[in-house]
Amino acid sequence: MTNYGNSIKHVEDYIRLPLLYNHWYVAGTCEEFGRDPKARTLLERSIVFYRTTDGKLIASQNRCLHRAYPPSESKLDGDELVCGYHGIRYNTEGLMVRVPSQKKCPERKLRMYPVVELGPLVFIWMGDEDAPDMDRLPDLPFLANAEMLTLHGQHHLEGSYLLMQENLNDLTHFAYLHHDSAGFDDGFLELPTFTEETPEGVSCYRVQRDPAEASKFLPPDVQARIGDRPVEQWDGGVAISPGVFKGDAPIKVGDPDSAPESGDLEIFNRYIMHYLTPETATTHHYWWSVTDDYSPNVPEVSELMTATFDKVFSEDAWAVAHMQKLLDEDKHDYQELVIGGDKAGLLFRRKVLGWVEEEYGSTTP
């Protein structure tokens, strides 16, 4: 068997771990899939998406069973997908239902992919189509909460999705990579830090307890009613799957040791989500969403927030692309250095290695 053990120590080995299929990934936004068939490559598989006449989203392999012609370049007739090369038809279960050049239709079927629409996003199960693990579908009810404001954006990244996960698990880069765009400085590195493995995944947070700093993102009317109560802002998140990082930045006003229902603690919630779906071993799709229960839902505020967050996340994309290029092309004799801020990232590497062992077998030769 292949020995993947060095992937914990060496980034070159880590980013070359095999892709993980037995998980849910984001396939795109709900609004981008309609009646026109649309192709997207996910985990090195070309998949076609389209909606039926009643709006149900269908996802199947984007390769006709007769020849390697993409159904995404075909058309719909009602709810049947009609191959644009020879007119072979497929129903919404992927079954071949007609071959125009012959009377008998072979009992063949396209590979299908279960999908779930949640808020603005479409999640896709990349494992066994007959046994999607619903327990692994990320629990993100706030995405569909109409009382909360959700913004989102997307990028295509030239770099391994695991490099982006490394970036998300590392809070220390905030003070440098995002110094100008988000206003972080060296003081952020001095904040108390909490890193641990939890049932949900690998978590890492820094906690700001200076009232002025902790509350500065709240609207003026909320800041005015805080008074002299203590304020904490938690900044970080949990890597919950290969393709989902659940960023979490709650602002806690009042006694931090009290339960919210006691009335002695108010929590203003903000979820800063990152969704990483490999396209190939060295490219990936990246979506982000920000949901909170305190920002005013007005167009000018939403536009400003979207532009601000997208600028910050574009810096992460830029860093990942440059790291991937050096890892691919630079011929220096290189061994990466491990520093104090890498704890969460190394814990997550072990999680990934566990998923690899689960899907591909033990790493012991």
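Reading guide: rules and limits
- Residues numbered from 1 in each chain as written.
- Predicted model: local features only at pLDDT ≥ 70, side-chain atom pairs only at ≥ 80, totals over all residues.
- Heavy atoms only, no water.
- Helix = DSSP H or I, 4+ residues; strand = E, 2+ residues; numbered from the N terminus.
- Rg over C-alpha atoms; globule rule 2.2 N^0.38 Å.
- Buried < 20%, exposed > 50% of the residue type's maximum accessible area, 1.4 Å probe, protein only.
- Contact = heavy atoms within 4.5 Å.
- Salt bridge = Lys/Arg side-chain N within 4 Å of Asp/Glu carboxyl O.
- Polar contact = N/O pair within 3.5 Å; in protein donor to acceptor, adjacent residues only side chain to side chain.
- Phe/Tyr/Trp six-rings, centres within 6.5 Å; stacked < 30°, edge-to-face > 60°.
- Lys NZ or Arg CZ within 6 Å of the ring centre and 35° of its normal.
- Core = buried A, V, L, I, M, F, W, Y, C linked by side-chain atoms within 4.5 Å.
- Pairing = 2+ DSSP bridges.
- Expected span 1.5 Å × (residues − 1).
- Axes fitted to C-alpha atoms, helices over the stretch in contact; angles between N-to-C directions.
- Parallel < 35°, antiparallel > 145°, perpendicular 65-115°, else oblique.
- Left-handed = near helix turned anticlockwise from the far one by under 90°.
- Nonpolar A, V, L, I, M, F, W, Y, C, P; charged D, E, K, R; others polar.

The next subject is the overall build of the protein. Secondary structure assignment for the protein yields eight helices and 19 strands. Its C-alpha radius of gyration of 23 Å places the protein within 12% of the 21 Å reference for a compact globule of 365 residues. Its C-alpha atoms put the protein at 80 × 55 × 35 Å along the principal axes. Within the protein, the proportion of its 365 residues that are buried is 50%. Residue pairs in contact within the protein that sit at least 24 positions apart in sequence constitute 59% of those at least 6 positions apart.

This part covers the pattern of salt bridges. Between side chains of opposite charge, pairing is possible as soon as their charged atoms come close. Here the structure, examined in full by the defined rule, presents 17 salt bridges. Between Lys246 and Glu200 there is a salt bridge, with its nearest N and O atoms 3.2 Å apart. Separated by 46 residues along the polypeptide, Lys246 in strand S15 (residues 244-248) and Glu200 in the loop between strand S12 (193-197) and strand S13 (202-208) bring together distant segments of the chain. Residue classification places Lys246 among the buried residues on the basis of a relative accessible area of 15%. The partner of Arg209 in a salt bridge is Glu232, and the shortest N-O contact between them spans 2.8 Å. Of this pair, Arg209 sits in the loop between S13 and helix H5 (211-214) while Glu232 sits in strand S14 (residues 231-241), and the two are 23 residues apart along the sequence. Note on Glu232: relative accessible area 10%, which makes it buried. Sharing partners across several salt bridges, the network here consists of Asp77, Glu80 and Arg89.

This part covers the side chain of His285. Topologically, His285 is positioned in strand S19 (residues 284-292). Judged by relative accessible area, which is 9%, His285 ranks as buried. If we ignore the near neighbours within four places in the chain, the residues touching His285 are Arg40, Thr41, Leu42, His155, His156, Tyr275, Leu276, Thr277 and Glu279.

Where burial is concerned, most of helix H2 (residues 161-168) is hidden: eight out of the eight residues are buried. Here H2 starts with a cap whose side-chain oxygen sits 3.0 Å from the backbone nitrogen of Leu162, and that cap is Ser160.

Let us now look at the packing of aromatic side chains. All chains considered together, the criterion is met by 16 aromatic pairs. Between the aromatic rings of Tyr69 and Tyr85, the centroid separation amounts to 5.3 Å while the plane-to-plane angle is 25 degrees, which identifies the pairing as stacked. Within this pair, whereas Tyr69 is found in the loop between strand S4 (57-61) and strand S5 (75-77), its partner Tyr85 is found in the loop between strand S6 (80-82) and strand S7 (89-90), the two being separated by 16 residues in sequence. Consider the rings of Phe348 and Trp355, whose centres lie 5.9 Å apart with planes at 70 degrees: the pair is edge-to-face. With respect to class, Phe348 is no different from Trp355; both count as buried. Every member of this aromatic cluster is reached through a ring pair, and the members are Tyr286, Trp288, Phe309 and Phe313. Between the NZ or CZ atom of Arg206 and the centre of the ring of Phe188, over which it lies, the distance is 5.7 Å. A cation over an aromatic ring shows up here: Arg349 above the ring of Tyr14, its NZ or CZ 4.8 Å from the ring centre.

Moving on, we come to the nonpolar core. Counting residues in hydrophobic clusters, the biggest one holds 60 residues, and the most contacted among them are Leu42, Ile47, Phe49, Ile124, Met126 and Val352. Here Leu42 is in contact with Ala27, Ile47, Phe49, Ile124, Met126, Thr277, Pro278, Glu279 and His285, once residues within four sequence places are set aside. With 21 residues, the next largest nonpolar core counts Trp24, Phe142, Leu143 and Tyr205 among its residues.

Looking now at the pairing of S14. Of all 11 residues in S14, 11 are buried; the element is thus mostly enclosed. Bridge analysis of S13 against S14 gives seven bridges, and the strand direction is antiparallel. For Cys204, the partnering residue across the bridge sits in S14 and is Gly237. Here S14 runs beside strand S16 (residues 251-254); their pairing, made up of three bridges, is antiparallel. Within the sheet, the bridge partner assigned to Val231 lies in S16 and is Val253.

Moving on, we come to helix H8 (residues 343-360). The terminal C-alpha atoms of H8 lie 26 Å apart, and with 18 residues this matches the ideal 26 Å at 1.5 Å per residue to within 8%. Buried residues of H8: Ala344, Gly345, Leu347, Phe348, Arg349, Val352, Leu353, Trp355 and Val356, and no others. Tucked inside the fold, the buried residues of H8 contact helix H1 (11-14), H2, S12, S13 and S14.

As a further point, take the sheet that holds S7. Read across the sheet, four strands follow the order S5-S6-S7-S8 without closing on themselves; strand pairing throughout is antiparallel. Single-partner strands in this sheet number two, and they are S5 and strand S8 (96-98). Two elements, S7 and S8, share two bridges in a ladder whose sense is antiparallel. Each bridged residue has a counterpart across the sheet, and for Tyr90 the counterpart in S8 is Met96.

Now for the packing of H2 against helix H7 (residues 299-329). Following both chains from N to C, one finds H2 and H7 inclined at 130 degrees, their axes separated by 10 Å at the closest point. On the basis of the axis angle, H2 is oblique to H7. The element H2 and its partner H7 pack so that their crossing is right-handed. Counted together, Leu163, Met164 and Asn167 of H2 and Asp316, Ala317, Val320, Met323, Gln324 and Leu327 of H7 form the full contact between these two elements. Its residues placed into classes, the contact of H2 with H7 shows six nonpolar, two polar and one charged.

Treat this as a map of the structure, not an account of what it does.
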